[in-house]
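# Coordinate inspection notes
One letter stands for each residue in the lines below.
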Amino acid sequence: MNLKTQKRIAAEVLGIGVTRVWVNPSAAADISQAMTRDDVRELIKQGLIQEKPKTVPSRKTAKKRAVMKKKRKGISHGKRKGGMSSRETKKERWMKKVRAQRKFLRKLKEEKKITESVYRSYYLQVKGGRFESVKNLNDFMKTDGVLK
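The following paragraphs examine the structure supplied in this document. Bear in mind the structure is a predicted one, so any value in this text is a computation, not a measurement. (Residues numbered from 1 in each chain as written. Predicted model: local features only at pLDDT ≥ 70, side-chain atom pairs only at ≥ 80, totals over all residues. Heavy atoms only, no water.)

## Concerning the packing of aromatic side chains
- Under the counting rule described, the total for this entry stands at four aromatic pairs.
- Aromatic side chains Tyr119 and Tyr123 sit 5.7 Å apart centroid to centroid with 45 degrees between the ring planes, which places their arrangement in the tilted category. Here Tyr119 and its partner Tyr123 are both found in helix α7 (residues 116-127), four residues apart, which amounts to about one turn of the helix.
- For the ring pair Tyr122 and Phe131, a centre distance of 6.2 Å and an interplane angle of 35 degrees mean the geometry is tilted. Neither residue differs from the other here; Tyr122 and Phe131 are each classed as buried.
- Ring pairing ties together the aromatic residues Tyr122, Phe131 and Phe140, which thus form one cluster.
- The positively charged end of Lys109 is found above the aromatic ring belonging to Tyr119, 4.2 Å away from the centroid.
- The aromatic ring of Tyr123 is capped on one face by Arg120, whose charged end is 4.8 Å from the ring centroid. (Phe/Tyr/Trp six-rings, centres within 6.5 Å; stacked < 30°, edge-to-face > 60°. Helix = DSSP H or I, 4+ residues; strand = E, 2+ residues; numbered from the N terminus. Buried < 20%, exposed > 50% of the residue type's maximum accessible area, 1.4 Å probe, protein only. Lys NZ or Arg CZ within 6 Å of the ring centre and 35° of its normal.)

## Considerations on the pattern of salt bridges
- In total, this model carries eight salt bridges according to the counting rule given.
- In this structure, Asp38 and Arg41 form a salt bridge, with 2.9 Å as the shortest nitrogen-oxygen distance. Of this pair, Asp38 and Arg41 both sit in helix α3 (residues 37-46), three residues apart, which is roughly one turn of the helix.
- Owing to a relative accessible area of 37%, Arg41 belongs among the partly exposed residues under this scheme.
- Across the salt bridge formed by Asp139 and Lys135, the nearest N and O atoms sit 3.1 Å from each other. Placement of the pair is Asp139 and Lys135 together in helix α8 (residues 134-144), with a separation of four residues, close to one helical turn.
- The network of salt bridges with common partners includes Arg8, Glu12 and Arg37. (Salt bridge = Lys/Arg side-chain N within 4 Å of Asp/Glu carboxyl O.)

Shown next as structure tokens:
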């Protein structure tokens, strides 16, 4: 028995898609007699035509991917979308670099390996972006004769 029209009308009445309309298979004969919207509304009240729940995409794949990312798998160049600054902005990279260098300088000052004036001069150089990394700063201080 073809219930295409009844399903279409029910979908319009319920305000959902045709695929989400459930028709009671045992009452197909009664439903096929319904030709108007009022008839279909009556069948909905009786429970012969019902709305199926929405299907939500499974989170299984996303959870699996999150576990793999935590293990540092599947994050190679082929999996990355966007440029370098879309994953970590230039500002975030700068902040990470400068904070590490300042922390290094603070540690040296607290251990009394450098004086306040030396600390201040290198601090300003770090602020100016003179050093690429903590290692570069350390090497520069050694060649400068400040550290042994």
